[in-house]
Structures are given as structure tokens and as C-alpha cells.
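Commentary on secondary and tertiary structure
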Amino acid sequence: EPEVTQTPSHQVTQMGQEVILRCVPISNHLYFYWYRQILGQKVEFLVSFYNNEISEKSEIFDDQFSVERPDGSNFTLKIRSTKLEDSAMYFCASSLQGAADYGYTFGSGTRLTVV
Amino acid sequence: QQPVQSPQAVILREGEDAVINCSSSKALYSVHWYRQKHGEAPVFLMILLKGGEQKGHEKISASFNEKKQQSSLYLTASQLSYSGTYFCGISNFGNEKLTFGTGTRLTIIP
């Protein structure tokens, strides 16, 4: 079964450093998402991406965050200057069409720890 | 706006049934259900669409009441493998993103 692949699985970074989280969505999917989950809490929407541009973003997704699809297969989330409160599990997801009609496939996540 | 799930947690013996509810204050276009095991990614269970179409691939059923803006997930004859946290995700007016609910932790004991 096709998978969404995320790397790294765990990243520890110092506060103020930049991090890039990488994702390879399922190849024929058209919609891409980043969500995060603080330990034991709900899954929070960060950003959706379609047709090479951001289609929607949440209040969490401020100027410190950016996304790119540099080469048609990878989908990256960059946090420019990490804060302690950015510590969370970050999930990439892709969907064949929008979530209105199709389910998401999630990657296995990147656990980001900011120290 | 975040959907509200109930109950927050439930403990069942193997073979018992459970119902998990999800309600929204906004009109729903579709409702998704996901199961997340500890330390893993959420896994898609099914989607219920406005108008009644349902797509899924597990032996778990769900209902979608558009008028009440609610969905319920039914787990019958629960198995140990059903343990995990269940999240509903809602899409409003054909919006392509999901907003996830607060989660229901289901524990199945032998």
C-alpha cells in the first residue's frame, strides 16, 4: 500500500535554530498538509497546499513557518527560528482530492524537540 | 471550530460494543474518522459525505446526521486491536482541510 514518508523521525534542536521537516507524499495525490500534535493532545491543522501554493493556513502557521514543494515529490516544512512551544509531533498528510471527499494518508511523523 | 467528541475515554471488555460521538457547531460537508495508536500516525477509517455516501474499508460503521451536525462511530464486538484514540475530522462546505476533534481514548481489555 502506498505510504507517506517523513524524515527525520526525531529531531532535537536548540531554540532559535532553523529546522526543515521533510515529507514524500503519495505520488498521485494532489493535496498536501502539515498537522502537529503536542503530546497527548489533539491533532492541529497547520497548512494545506495545492497546485504549488498554500491554499489555507491556520493561526499557528505564522511568519516563522514556510512550506515548499521544491522538486515535485518532496514537501517540506521549515521553521525559521524554533521556540520551545514548537516541540510536538509533526505529521505530513496527503489526499487524492481534498478532504471534503477523500481521506488523508498520514506519514509516521517527525518528533521535534526544542531545547 | 473544533468538533466535540464524547465520551473522552471508554474502557470495554473484548466483545462489547462502543459508540463514539462527534458534533459540530457548523454545517458539515463531510466527517472523517481516524484511529491513532500510541506513538503512531492517525489511520483513516472512513469518510461520511453530505448526502449519505460513505466510504471506508474497515469493519466499523458510522452514521452522519446532517441536520444535527453530528456523526457517530459504532464499534461492535470490539477486539483488542481496536484500542487507541479515535478522532473525528470535519470538513465544512467542501473545504479541503480537516479540523480534528478532541479525541476519544478507547481501551479494550481481555
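Residues numbered from 1 in each chain as written. Chains lettered and ligands numbered in written order. Predicted model: local features only at pLDDT ≥ 70, side-chain atom pairs only at ≥ 80, totals over all residues. Heavy atoms only, no water.

**Re the pairing of strand β3 (residues 19-24) of chain A**
All names here are of chain A. Quick reminder of the rule: Working definition: with a 1.4 Å probe on protein chains only, accessible area under 20% of the residue-type maximum means buried, over 50% means exposed, and in between means partly exposed. Helix and strand definitions here come from DSSP, where helices need a minimum of 4 consecutive H or I residues and strands a minimum of 2 consecutive E residues; each element is numbered from the N-terminal end. Only strands that DSSP links by at least two bridges are regarded as paired with each other.
Burial along β3 is one-sided: the residues Val19, Leu21 and Cys23 are buried and none of Ile20, Arg22 and Val24 is. Summarising the sheet, strand β1 (residues 5-7) and β3 pair through three bridges and their orientation is antiparallel. Opposite Thr5, over in β3, you have Val24 as the bridge partner. Two strands pair when backbone bridges link them, and β3 and strand β8 (residues 75-79) are joined in this way by five bridges, in the antiparallel orientation. The partner of Leu21 across the bridge, within β8, is Leu77.

**Some thoughts on the state of the cysteines**
Residue and element names in this part refer to chain A. Convention followed: The disulfide criterion used throughout: a pair of cysteine sulfur atoms within 2.5 Å.
Under the defined criterion, the tally for this structure stands at two disulfides over all chains. The disulfide that involves Cys23 links it to Cys92, with 2.0 Å between the sulfurs. Taking the torsion about the S-S bond as the criterion, the Cys23 to Cys92 disulfide, at about -60 degrees, is left-handed. Placement of Cys23 in strand β3 and of Cys92 in strand β9 (residues 88-95) is noted, with a sequence separation of 69 residues between them.

**Considerations on the layout of surface pockets**
Defined as follows: Only protein atoms enter the 1 Å grid, on which a cavity is a set of points fitting a 1.4 Å probe that cannot get out and a pocket is an open set with protein on both sides within 12 Å along at least 5 of 7 lines, lining residues being those with an atom within 4 Å of a point. Grid points are joined across faces, edges and corners, and a volume is the space filled by probe spheres set on the points. Residues were grouped as follows: Ala, Val, Leu, Ile, Met, Phe, Trp, Tyr, Cys and Pro as nonpolar; Asp, Glu, Lys and Arg as charged; and all remaining residues, including Gly, as polar.
What the largest pocket holds in volume is close to 570 Å³. Taken together, 22 residues make up the lining of the largest pocket; nearest its centre are Glu1(A), Pro2(A), Ile26(A), Tyr104(A) and Thr105(A). Of all the secondary-structure elements, those providing two or more residues to the lining of the largest pocket are β10 (105-106) of chain A together with β5 (43-49) of chain B. Split into classes, the residues belonging to the lining of the largest pocket amount to twelve nonpolar, six polar and four charged. By volume, the second largest pocket is sized at about 460 Å³. For the lining of the second largest pocket, the secondary structure elements donating two or more residues are β9 of chain A together with β9 (84-91) and β11 (104-109) of chain B. Ranked by residue count, the leading element in the lining of the second largest pocket is β11(B), at four residues. When the residues that make up the lining of the second largest pocket are grouped by side-chain class, the tally is six nonpolar, 14 polar and four charged.

**Quick word on the sheet that holds β3(A)**
Residues and elements named next belong to chain A. This is how it is decided: Simply put, an axis is a line fit to the C-alpha atoms, just over the touching stretch for a helix, and the angle between two N-to-C directions goes from 0 to 180 degrees.
In space, the four strands of this open sheet follow the order β1-β3-β8-β7, with antiparallel pairing throughout. Both edges of this open sheet fall to β1 and β7 (65-68), since each of them pairs with a single strand only. Across the sheet, the axes of successive neighbouring strands diverge by a mean angle of 15 degrees, strand direction being ignored.

**Notes on the sheet that holds strand β3 (residues 18-23) of chain B**
Residues and elements named next belong to chain B. One open sheet accounts for four strands, arranged β1-β3-β8-β7; its pairing is antiparallel. In this open sheet, the two edge strands, each paired with only one partner strand, are β1 (4-6) and β7 (61-65). Put simply, the sheet's adjacent strands are angled 15 degrees from each other on average, direction ignored. Direction of pairing for β3 relative to strand β8 (residues 70-75): antiparallel, over a ladder of six bridges.

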